[in-house]
Amino acid sequence: MSINKKNLFYLSRFAEVYPIGHSKYAPGTMGSLIGVLIGCFLILNLDVKIYLIFLLFFIIVSYLLCEAHLKFYNEKDPKVVVVDEISGQFIAILGCVQSDKSTYMFLSLLLSFVLFRFFDITKIGPIKRFEDLPNGIGIMADDIVAGLFALVTQAAILTSLNQTIYIKTLWN
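Quick look at the overall build of the protein now. When helices and strands are counted, the protein shows 7 helices and 0 strands. Order of helices (α) and strands (β) in the protein, N terminus to C terminus: α-α-α-α-α-α-α. Within the protein, buried positions represent 45% of all 172 residues. At a minimum sequence separation of 6, the contacts of the protein that also span at least 24 residues come to 76%.

If you want it as structure tokens, here you go:
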């Protein structure tokens, strides 16, 4: 089944999280901020298993949106596509502190945001290699790996501070 140009255009707008992807000021950071806000709401209101199912579904849909954007515009890793940043941020916030104190929750969300942006911007270690993968996989993979790096780093930091991290509830 072929998707016509008009549908590809609309799908590419979803990949851009229009108008966020067209922001003059750091569209990737704006996309990550949207990811923190939506992710915070979801992680506070969903069981972690449901959140993980949502996350997997979101990553798959995001990949398909990236493919549609590439098909419509034919450019490699366009900066206007920010759905990948949201996916990576959704992974990073899995390490947020589970607490009744809003200050702890806010600080752990801030830490996940800063760590994700650090790994996404610097692309240290193997993250850069994932960006070089072809098509929508390359757009998504570096952000997924950056999200995983941020999650592991945040878990290590919070564990060293004797904070209970949210992901531990998976095994309760």
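Here the narrative resumes, following the displayed structure.
Our focus in this paragraph is the nonpolar core. Tyr-51, Phe-90, Leu-94 and Leu-109 are the most contacted members of the largest nonpolar core, which has 27 residues in total. Take this core: its biggest share by element is 8 residues, from helix 3 (residues 48-73). Excluding its chain neighbours within four sequence positions, the residues that come into contact with Leu-109 are Val-36, Cys-40, Ile-93 and Cys-96. Residues Ala-92, Ile-127, Val-145 and Ala-146 belong to the second largest nonpolar core, which totals 8 residues.

In the structure shown here, the tally under the stated rule is 10 aromatic pairs. Where Phe-58 meets Phe-90, the ring centres are 5.0 Å apart and the plane angle is 55°; that geometry is what we call tilted. With a gap of 32 residues between them, Phe-58 in helix 3 and Phe-90 in helix 4 (residues 83-92) connect regions that are remote in the sequence. For the pair Phe-58 and Phe-90, one class covers both residues: buried. With a centroid separation of 4.7 Å and an interplanar angle of 85°, the aromatic rings of Phe-72 and Tyr-73 are classed as edge-to-face. A relative accessible area of 24% places Phe-72 in the partly exposed class. Aromatic rings pair up to connect Phe-9, Tyr-10, Phe-72 and Tyr-73 into one cluster.

What follows deals with the packing of helix 3 against helix 7 (residues 135-160). Put simply, helix 3 and helix 7 touch, their axes get as near as 8 Å, and they point 135° apart. With respect to helix 7, the axis of helix 3 lies oblique. For helix 3 against helix 7, the interelement crossing comes out right-handed. Of the residues in helix 7, those in contact with Ile-59, Ser-62, Tyr-63, Cys-66, Glu-67 and Leu-70 of helix 3 are Asn-135, Gly-136, Ile-137, Ile-139, Met-140 and Ile-144. Here the residues of the contact of helix 3 with helix 7 are counted per class, giving 8 nonpolar, 3 polar and 1 charged.

Working definition: two side chains of opposite charge can pair if their charged atoms are close together. Tallied over the full model, the rule gives 6 salt bridges. Glu-16 is the salt-bridge partner of Arg-13, the closest N and O atoms lying 3.1 Å from each other. For Glu-16, a relative accessible area of 1% gives the class buried. Its salt-bridge partner being Lys-128, residue Glu-131 comes within 2.8 Å of it at the nearest N-O pair. One end of the pair is Glu-131 and the other is Lys-128, both in helix 6 (residues 127-131) and 3 residues apart, which spans about a single turn. Using a relative accessible area of 9% as the deciding quantity, one classes Glu-131 as buried. Connected via shared salt-bridge partners are Arg-117, Asp-120, Lys-123, Lys-128, Glu-131 and Asp-142.

Here Ser-32 lies in helix 2 (residues 27-45). Of the polar contacts made by the side chain of Ser-32, one reaches the side chain of Arg-117; its length is 3.4 Å. Discounting residues that sit within four places of it in the chain, Ser-32 has contacts with Glu-85, Gln-89, Phe-113, Phe-116 and Arg-117.

Here we come to the environment of Ile-144. Assignment of secondary structure puts Ile-144 in helix 7. Sequence separation between Ile-144 and Phe-116 is 28 residues, and the spatial gap between their C-alpha atoms is 9.8 Å. Not counting chain neighbours up to four residues away, the residues in contact with Ile-144 comprise Ile-59 and Ile-91.

Cut-offs and rules
- Residues numbered from 1 in each chain as written.
- Predicted model: local features only at pLDDT ≥ 70, side-chain atom pairs only at ≥ 80, totals over all residues.
- Heavy atoms only, no water.
- Helix = DSSP H or I, 4+ residues; strand = E, 2+ residues; numbered from the N terminus.
- Buried < 20%, exposed > 50% of the residue type's maximum accessible area, 1.4 Å probe, protein only.
- Contact = heavy atoms within 4.5 Å.
- Core = buried A, V, L, I, M, F, W, Y, C linked by side-chain atoms within 4.5 Å.
- Phe/Tyr/Trp six-rings, centres within 6.5 Å; stacked < 30°, edge-to-face > 60°.
- Axes fitted to C-alpha atoms, helices over the stretch in contact; angles between N-to-C directions.
- Parallel < 35°, antiparallel > 145°, perpendicular 65-115°, else oblique.
- Left-handed = near helix turned anticlockwise from the far one by under 90°.
- Nonpolar A, V, L, I, M, F, W, Y, C, P; charged D, E, K, R; others polar.
- Salt bridge = Lys/Arg side-chain N within 4 Å of Asp/Glu carboxyl O.
- Polar contact = N/O pair within 3.5 Å; in protein donor to acceptor, adjacent residues only side chain to side chain.

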